[in-house]
Amino acid sequence: MKTVIIKYGSGNTRSVDFALRRLGVSGSVSDDPEEIRAADKVIFPGVGEASSAMKYLLERKLDTLIKELKQPVLGICLGMQLLCECSEEGNTECLGIFKQKVKKFNGGMKVPQIGWNNISNLKGKLFKGLSENEFMYFVHGYFAEQSKATVALTEYGPRYSSALQNDNFYGVQFHPEKSGTAGEMVLKNFLEL
Amino acid sequence: MLSKRIIPCLDVKDGRTVKGTRFLDLKDAGDPVELGAMYAREGADELVFLDISATHEKRKTMCSLVTRVAEKINIPFTVGGGIASVEDVAALLEAGADKISINTAAVRTPGLLTELAFRFGSQCIVQAIDAKYEDGKWMVFLEGGRVAAGIEAIAWAKQAVDLGAGEILLTTMDRDGTKEGFALDITRQVSEAVNVSVIASGGAGSQEHFAEVLTEGCADAALAASVFHFGELSINELKNYLKQQNILVR
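Below is a summary of the structure that appears in this document.

Criteria and cut-off values
Residues numbered from 1 in each chain as written. Chains lettered and ligands numbered in written order. Predicted model: local features only at pLDDT ≥ 70, side-chain atom pairs only at ≥ 80, totals over all residues. Heavy atoms only, no water. Helix = DSSP H or I, 4+ residues; strand = E, 2+ residues; numbered from the N terminus. Rg over C-alpha atoms; globule rule 2.2 N^0.38 Å. Contact = heavy atoms within 4.5 Å. Areas by Shrake-Rupley, 256 points an atom, 1.4 Å probe, with all protein chains shown as cover. Lys, Arg positive; Asp, Glu negative; His and termini not counted. Charge placed at Lys NZ, Arg CZ, Asp CG, Glu CD. Buried area = accessible area lost by both parts, 1.4 Å probe. Salt bridge = Lys/Arg side-chain N within 4 Å of Asp/Glu carboxyl O. Polar contact = N/O pair within 3.5 Å; in protein donor to acceptor, adjacent residues only side chain to side chain. Nonpolar A, V, L, I, M, F, W, Y, C, P; charged D, E, K, R; others polar. Core = buried A, V, L, I, M, F, W, Y, C linked by side-chain atoms within 4.5 Å. Buried < 20%, exposed > 50% of the residue type's maximum accessible area, 1.4 Å probe, protein only. Axes fitted to C-alpha atoms, helices over the stretch in contact; angles between N-to-C directions. Left-handed = near helix turned anticlockwise from the far one by under 90°.

## Quick look at the overall build of chain A
Reasoning step 1: The helix and strand tally for chain A stands at six helices and 13 strands.
Reasoning step 2: Over its C-alpha trace chain A gives a radius of gyration of 15 Å, about what one expects of a compact globule, namely 16 Å for 193 residues.
Reasoning step 3: When its C-alpha atoms are laid out on the principal axes, chain A stretches across 45 × 35 × 25 Å.
Reasoning step 4: Long-range contacts, defined as pairs at least 24 residues apart, comprise 68% of the intrachain contacts of chain A with a sequence gap of at least 6.
Reasoning step 5: Split by element, the accessible area of chain A, about 7,500 Å² in all, is 47% carbon and sulfur.
Reasoning step 6: Between the averaged position of the 24 positive side-chain charges in chain A and that of its 22 negative side-chain charges there is a distance of 2 Å.

So this is what it looks like as structure tokens:
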């Protein structure tokens, strides 16, 4: 099995790569279209700002490539948000795999949200073996609204989508690579899809 | 709901943990990676590695240590100590650190925080503030507490957040190492003054101290070193106690 982590300048690609290795999987980090297309599993990580990340993807035509992928794809944090319709961060048009908007937290909470929060209303294979209200590690200032694609919910002010799924596309707002053994289980479930 | 975090801090010199520890079950208690991994297994929510190496040369050792930590440990960690430039931060993040904490250089170099936030995002920039109570005011101290900065802690915390810090690590020097409890008043004042998360540090001696600072002190996280290193408190037991006090922890 070949797992590719998409390299696009907004990255904690290294942390994701290390997490895969802890699971005994050797992934490669790449922005080569052929290598990404040929992978069995694709991970689309991200830490950073939405508009500059989208700009990078557009310049390298990685936007069309990602949308056309047929194998399981996992967007993490900013990666998940970029798979949504659009983001209030820099008023960015995103990839539109998930139909909801990404909005800025407002309402007196501390922003960014940093720390461990629960995930609930868990649906689908990504959460096989995990219990309701499991804690995951989050770091983000923007959130994806709820939609039909929502497969996990988290509350920080509003209840928002902490995980999404549409066909072969999966997204998690938390960092499974930094969420202890619970996070490792999510990564493992994804690799076993 | 977002939980409160418990963060052990490890002092590192030339790649080794320096404060003594009582962990006889570890093969090598001086190895920060092994000690950090043990804390992660016990339920630590995050780790802080504070580099107290004196020379620039030795700091390179820190980058290779950071990579070893990132390879082995599955929770987030922050690296601090002597960070003075965009290049220092780039090297540590590239090596695998999740966040960096900056202290003296942010006061001395106007614009550094803003540049760091622009380059790497506020979420990975922690402003460490060492505060001491003097003449009725909480004042900021630099260079490991040796030099008075001449500014008030609350004002500096606000300014640091405006400039780009995504989190505040507040150490009250008067309490550090005393085990008398965290300084609740200043922690609460800083936490209420800024719209980012505040990590309280300095003075932890008992389970009750952690409960106090996470409730009355309004801290989002509490950091400690010696109570964990010397086995006076285990993270597991501490978290069970906090749960009994209806404080949300993982």
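## Details of the interface of chain A and chain B
Reasoning step 1: Chain A puts 27 residues into the contact, and the matching count from chain B is 34 residues.
Reasoning step 2: For the pair chain A and chain B, the summed buried surface comes to about 2,400 Å²; carbon and sulfur atoms form 53% of the total.
Reasoning step 3: For the chain A face of the interface with chain B, the top three residues by lost area are Lys 110, Ile 114 and Trp 116 of chain A, together amounting to 30%.
Reasoning step 4: Viewed at the interface, chain B and chain A are joined by two salt bridges.
Reasoning step 5: Ionic pairing is found between Lys 110 of chain A and Asp 220 of chain B, a salt bridge with its closest N-O pair at 3.0 Å.
Reasoning step 6: Our count for the contact surface shared by chain A and chain B stands at 16 residue pairs in polar contact (both at pLDDT 80 or more).
Reasoning step 7: The greatest single-element share of the side of chain A that touches chain B, amounting to six residues, is contributed by strand 8 (residues 113-119) of chain A.
Reasoning step 8: Of the residues that constitute the side of chain A that touches chain B, the class distribution is 11 nonpolar, nine polar and seven charged.

## Remarks on the nonpolar core
Reasoning step 1: By size, the foremost hydrophobic cluster in this structure holds 83 residues, and its most contacted members are Tyr 39, Phe 77, Ile 102, Ile 168, Phe 210, Phe 228 and Leu 242 of chain B.
Reasoning step 2: Tallying contributions element by element places helix 1 (residues 32-42) of chain B first for this core, with six residues.
Reasoning step 3: The next biggest cluster of nonpolar side chains, apart from the first, holds 33 residues, and it includes Ile 119, Val 151, Ala 152 and Phe 174 of chain A.

## What about the packing of helix 3 (residues 86-95) of chain B against helix 5 (residues 112-120) of chain B?
Residues and elements named next belong to chain B.
Reasoning step 1: Contact geometry of helix 3 with helix 5 gives a least axis separation of 10 Å together with a crossing angle of 35°. Crossing angle aside, the handedness with which helix 3 passes helix 5 is right-handed. Across the interface between the two elements, Val 86, Val 89, Ala 90 and Leu 93 of helix 3 pack against Leu 112, Glu 115, Leu 116, Arg 119 and Phe 120 of helix 5.
Reasoning step 2: Taken together, the residues of the contact of helix 3 with helix 5 sort by class into seven nonpolar, no polar and two charged.

Honestly, that's just the spatial picture; any functional story needs more than this.
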